[in-house]
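# Fold and contact review
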Amino acid sequence: MNRILITGGSGFIGSHTCLHLLSEGYDIFVIDSLVNSSEKSINQIKKFFKEEKNKVLNNLRFFKGDLKDKDFINNVFKVAQKENNPIKGVIHFAGLKAVGESVSQPLLYWDNNVIGSYNLIKSMSENDCRTIVFSSSATVYGSSSIDLLREDSTLAPTNPYGTTKLSVENLLKDINQSKNKNWRIAILRYFNPIGAHKSGLIGENPLQKPNNIFPIIINSAFTKEKLKVFGNDWPTEDGTCIRDYIHVMDLAEGHLKSLNYLIENDPQLLTLNIGKGRGISVIELIKTFENVNNISVPFEFDKRREGDVCKLVADNSKLKSILNWSPTKSLEEMCKDGWKWKNLNPKGYSEHN
Ligand code: WQD
């Protein structure tokens with residue numbers, strides 16, 4: 001069976017994608033530095049399959065290491081080659097992703113996100129592995145007034161996080177133009193992934209204080225600490241920002257569909273928006289969470305957050321036409337699954353030894 005390398009595989013989106021690929025019969029090698037995630041997510045994936053009495057456990061191998069260490073990356077490829085099951089493709093999640101932190105520490109973001117990606121791609125080339133699904137982000141669009149963002153919309157990131165993502169996209173575009181033209185590349189631009197696997201065994205587990213809204217809503221529901229809504233004077237119906245929220249398991253499915261598409265088709269570079277194409281305001285998200293889970297989320301309005309844009313919603317028609325697939329899970333499911341994860345793991349993975 002096809003062996004896939006997943007970088008950043010113990011993180012939020014990475015761990016959900018690992019679980020999904022395993023259930024679809026892939027053999028996976030996971031590498032993660034654990035700088036921003038916990039290996040306990042891998043243990044929980046094993047627990048899920050143990051409960052399912054599923055023999056996929058020997059198809060999951062974890063290697064702790066950093067993409068800044070080129071020898072470490074090469075060694076992982078060599079281990080697969082020695083077993084006569086070389087790595088067929090890579091799904092590359094590893095990277096730092098806090099917009100605010102990237103503004104205060106741009107060198108840290110360029111080192112992790114750009115140098116790390118360069119090392120990985122170079123090692124792939126040296127090991128004859130030229131199929132990659134890259135985790136990019138809607139932040140490459142910057143502050144756009146366009147209603148639904150298309151893949152050919154203007155690319156103008158407004159923070160170092162977005163700039164590093166666009167830089168790696170440009171490296172992949174250069175490789176795709178190169179003479180040997182035998183790379184299969186999918187660039188997936190995420191919008192706002194939230195929720196958790198329906199088992200409640202894995203979920204979003206920020207090691208530091210969370211920046212994004214969904215884990216903050218969950219914390220406020222749990223602790224009754226007031227959530228600050230950043231601005232109620234935006235030019236929207238209820239005055240709060242609009243985003244395109246997508247269930248993390250839909251995002252995992254999007255990676256599987258993209259990987260299978262690359263493997264089954266000729267060398268090419270594919271750029272896709274991975275969103276639901278539906279704009280939800282901060283207040284709508286809070287109210288949906290409260291109604292679905294029958295719980296109150298205390299909040300107060302605060303001033304706008306530096307760097308925020310009013311609206312980020314995907315035009316996902318290219319996703320639908322090329323992969324013949326689109327996200328199916330509702331906002332209600334995202335809220336229900338996220339709350340279940342919290343209730344089963346009040347302290348996240350630190351609950352588990
Ligand atoms: C969503 C909305 C805030 C916190 C970022 C990254 C993006 C992706 C997702 C990695 C905004 C509002 C938030 C709070 C609030 N990460 N908000 N109070 O900024 O759309 O995207 O995270 O890929 O790349 O840029 O997500 O969840 O931070 O904010 O009112 O305490 O919630 O103003 O309107 P964002 P977010």
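Below is a summary of the structure that appears in this document.

Thresholds applied
- Residues numbered from 1 in each chain as written.
- Predicted model: local features only at pLDDT ≥ 70, side-chain atom pairs only at ≥ 80, totals over all residues.
- Heavy atoms only, no water.
- Axes fitted to C-alpha atoms, helices over the stretch in contact; angles between N-to-C directions.
- Helix = DSSP H or I, 4+ residues; strand = E, 2+ residues; numbered from the N terminus.
- Parallel < 35°, antiparallel > 145°, perpendicular 65-115°, else oblique.
- Left-handed = near helix turned anticlockwise from the far one by under 90°.
- Contact = heavy atoms within 4.5 Å.
- Buried < 20%, exposed > 50% of the residue type's maximum accessible area, 1.4 Å probe, protein only.
- Pairing = 2+ DSSP bridges.
- Right-handed = clockwise from strand over helix to strand, strands pointing away.
- Near = heavy atom within 4 Å.
- Polar contact = N/O pair within 3.5 Å; in protein donor to acceptor, adjacent residues only side chain to side chain.
- Areas by Shrake-Rupley, 256 points an atom, 1.4 Å probe, with all protein chains shown as cover.
- Core = buried A, V, L, I, M, F, W, Y, C linked by side-chain atoms within 4.5 Å.
- 1 Å grid on protein atoms, 1.4 Å probe; cavity = no way out; pocket = protein on both sides within 12 Å on 5 of 7 lines; lining within 4 Å.
- Points joined across faces, edges and corners; volume = space filled by probe spheres on them.
- Nonpolar A, V, L, I, M, F, W, Y, C, P; charged D, E, K, R; others polar.
- Expected span 1.5 Å × (residues − 1).
- Salt bridge = Lys/Arg side-chain N within 4 Å of Asp/Glu carboxyl O.
- Arc of directions from axis to C-beta.

Before going further, it helps to examine the packing of helix α3 (residues 70–82) against helix α5 (residues 106–126). When two helices pack together, their arrangement is given by the angle between the helix axes and the distance between those axes. In contact at an axis separation of 10 Å, α3 and α5 are set at 40° when each is read in the N-to-C sense. Our classification of the angle between α3 and α5 gives oblique. For the pair α3 and α5, the crossing hand works out as right-handed. Contacts between α3 and α5 involve K70, I73, N74 and F77 on the former and, on the latter, N119, L120, S123, M124 and E126.

We now examine the pairing of strand β1 (residues 3–7). The buried count for β1 comes to five of five residues, which makes it a mostly enclosed element. In this sheet, strand β2 (residues 27–32) lies alongside β1 in parallel orientation, the contact comprising five bridges. Of the residues in β2, the one forming a bridge with I4 is I28. Between the parallel pair β1 and β2, the chain is carried across by helix α1 (residues 12–23), and the sense of this crossover is right-handed. Two elements, β1 and strand β4 (residues 87–92), share five bridges in a ladder whose sense is parallel. The partner of R3 across the bridge, within β4, is I87.

It is worth spelling out the site of the ligand at this point. What surrounds the ligand is a group of 19 residues, the closest being N212, I213, K228, R243 and D308. Between the ligand and the protein, one listed contact pairs an oxygen atom with a side-chain N or O atom of N192 at 3.0 Å. Between an oxygen atom of the ligand and a side-chain N or O atom of R243, the distance comes to 2.6 Å. Within the complex, 92% of the 690 Å² of free accessible area of the ligand lies under protein. Of all the elements in the fold, those that place two or more residues in the shell around the ligand are α7 (213–223) and β8 (227–230). When residues in the shell around the ligand are grouped by element, the largest group, three residues, is from β8.

The subject of this paragraph is the nonpolar core. Residues I4, I6, L21, I28, I45 and I91 are the most contacted members of the largest nonpolar core, which totals 43 residues. Excluding its chain neighbours within four sequence positions, the residues that come into contact with I4 are L21, Y26, D27, I28, F29, K88, G89, I91 and L259. Membership of the second largest hydrophobic core comes to 25 residues, among which are I73, V114, I132 and I175.

This paragraph deals with unusual backbone geometry. Residue L34 is not a glycine yet carries a positive backbone phi of 60°. Along the polypeptide, L34 turns up in the loop between β2 and α2 (40–51). Of note in this structure, N84 is not a glycine but carries a positive phi near 55°. Its location among the elements puts N84 in the loop between α3 and β4. For N84, a relative accessible area of 70% puts it in the exposed group.

The seven strands are arranged β3-β2-β1-β4-β5-β6-β11 in an open sheet whose pairing can be described as parallel. Edge positions in the open sheet fall to β3 (60–64) and β11 (268–274), since each of these has one partner strand only. Along the sheet, successive strands turn relative to each other by an average axial angle of 15°, direction set aside. Across the face of the sheet, α1 comes into contact with β1, β2, β3, β4 and β6 (184–190) while running at roughly 165° to β2. Lying over the sheet, helix α6 (residues 160–177) contacts β5 (131–137), β6 and β11, oriented at roughly 155° with respect to β5.

This model, assessed by the stated rule, comprises three cavities of 30 Å³ or more. Put simply, the largest cavity is a space of about 40 Å³. Along the walls of the largest cavity sit Y245, K276, R278, I280, L331 and M334, which together make up its complete lining. Split into classes, the residues belonging to the lining of the largest cavity amount to four nonpolar, no polar and two charged.

With that settled, consider α5. Across its 21 residues, α5 extends 29 Å between first and last C-alpha, which sits within 8% of the 30 Å expected from 1.5 Å per residue. Residues of α5 that are buried: Y109, N112, N113, V114, G116, S117, N119, L120, I121, S123 and M124. Those residues of α5 hidden inside the fold are in contact with β1, α3, β4, α4 (99–104), β5 and α6. In the segment just after α5, D128 is the residue with positive phi, at about 55°.

Applying the stated criterion to the full structure yields 18 salt bridges. The closest approach of N and O atoms between K122 and E126, which form a salt bridge, is 2.8 Å. Within this pair, K122 and its partner E126 are both found in helix α5, separated by four residues, close to a single helical turn. Take E126: its relative accessible area is 47%, and that puts it in the partly exposed class. One salt-bridge network, in which partners are shared between bridges, spans R3, D27, R61 and E83.

Turning our attention to α3. Residues spaced three or four apart along an α-helix point in a common direction, a consequence of the helix completing one turn every 3.6 residues. In this model, α3 (13 residues) spans 18 Å end to end at C-alpha, consistent with the 18 Å of a helix rising 1.5 Å per residue. Residues F72, I73, V76, F77 and A80 constitute the buried set of α3. Each buried residue of α3 sits inside an arc of 140° when the element is viewed along its axis, so together they form one side. Of the residues in α3, the exposed ones pointing more than 90 degrees away from the buried face are D71 and K82. Packed against the buried residues of α3 are β1, β2, β3, β4 and α5. Backbone nitrogen of D71 and a side-chain oxygen of the N-cap are separated by 3.1 Å at the start of α3; the cap is D69. In the stretch just after α3, N84 is the one whose phi turns positive, near 55°.

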